[in-house]
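One letter stands for each residue in the lines below.
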Amino acid sequence: QTQFVSAELMEDQLLLLLESLERKIVSQQLKLVRTHITLGSFQGLLEHDLKKWKEPFHVDAELLAFQHKEEQELTMALVELSGVQLQEDGSVVPWHQPFEAVAALFVALYALNLLSG
């Protein structure tokens, strides 16, 4: 039996996505979230063990290196609204089980990147 859980973006996230689009940083945010999903979930999904998604891990800190500090802060806030705390050093601390919320963010960033590219 397959179970499907859908997640929607919050209004605050939509506003931050709009600002990201205006600042032209969606592609970099997409790379960061894609890396997060890859590092944080594939092993757990393949083993059907989403508990691994609760464990801290690291992403390349260069993915958080934006041209302006405000862009980095905007990105960190956007991802945090999905249940994941990002640190400037690249450490990632998921709260609860954020997979669905991060997946919804990934889909939104992917679509915006395609449409704005």
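Our structure is the block above this text.
Residues numbered from 1 in each chain as written. Predicted model: local features only at pLDDT ≥ 70, side-chain atom pairs only at ≥ 80, totals over all residues. Heavy atoms only, no water.

Chemist: I tried to follow the sheet that holds strand β2 (residues 84-86) on my own but got confused; where do I start?
Modeler: Within a sheet, adjacent strands bond to each other through the backbone by hydrogen bonds, running parallel or antiparallel. Spatially, the three strands line up as an open sheet ordered β1-β3-β2, and their pairing is antiparallel. Sheet topology places β1 (57-58) and β2 at the edges, where each strand pairs with a single neighbour. (Pairing = 2+ DSSP bridges. Helix = DSSP H or I, 4+ residues; strand = E, 2+ residues; numbered from the N terminus.)

Chemist: Even after reading the chapter, I still don't get a nonpolar patch on the surface, so can you show me in this structure?
Modeler: Nonpolar side chains collect at one region of the surface, where Tyr110, Leu114 and Leu115 lie side by side and expose about 370 Å² of accessible area between them. Look at Leu115 and you get exposed, because its relative accessible area is 74%. (Patch = residues over 30% accessible without salt bridge, like charges linked within 9 Å, V, L, I, M, F, W, Y side chains within 5 Å. Areas by Shrake-Rupley, 256 points an atom, 1.4 Å probe, with all protein chains shown as cover. Salt bridge = Lys/Arg side-chain N within 4 Å of Asp/Glu carboxyl O. Buried < 20%, exposed > 50% of the residue type's maximum accessible area, 1.4 Å probe, protein only.)

Chemist: Sorry if this is basic, but what is going on with unusual backbone geometry here?
Modeler: Working note: non-glycine residues mostly have negative phi, and peptide bonds are mostly trans. At Lys24, a residue that is not glycine, the phi angle is positive and equals roughly 60 degrees. Residue classification places Lys24 among the exposed positions, given a relative accessible area of 73%.

Chemist: For this particular structure, what's the right way to read the pattern of salt bridges?
Modeler: Close approach of charged atoms lets side chains of opposite charge pair. Throughout the structure, instances matching the rule amount to two salt bridges. As a salt-bridge pair, Arg23 and Glu19 come within 3.1 Å of each other at their nearest N and O atoms. Of this pair, Arg23 and Glu19 both sit in helix α1 (residues 11-23), four residues apart, which is roughly one turn of that helix. Between Glu88 and Lys69 there is a salt bridge, and its shortest N-O distance comes to 2.6 Å. You can see Glu88 sitting in the loop between β2 and β3 (91-94) and its partner Lys69 sitting in helix α3 (residues 69-80), a full 19 residues away along the chain. Judged by its relative accessible area of 48%, Glu88 is partly exposed.

Chemist: What is the right way to read helix α4 (residues 99-116) from this model?
Modeler: Note: α-helices contain 3.6 residues per turn, so residues at a spacing of three or four share the same orientation. Over its 18 residues, α4 runs 25 Å from end to end, which matches the ideal 26 Å to within 8%, given 1.5 Å per residue. For α4, the set of buried residues is Val102, Ala104, Leu105, Ala108 and Leu109. Looking straight down α4, one finds its buried side chains confined to an arc of 155 degrees; they lie on one side. Counted as exposed and oriented over 90 degrees from the buried face of α4: Val107 and Leu114. (Expected span 1.5 Å × (residues − 1). Arc of directions from axis to C-beta.)

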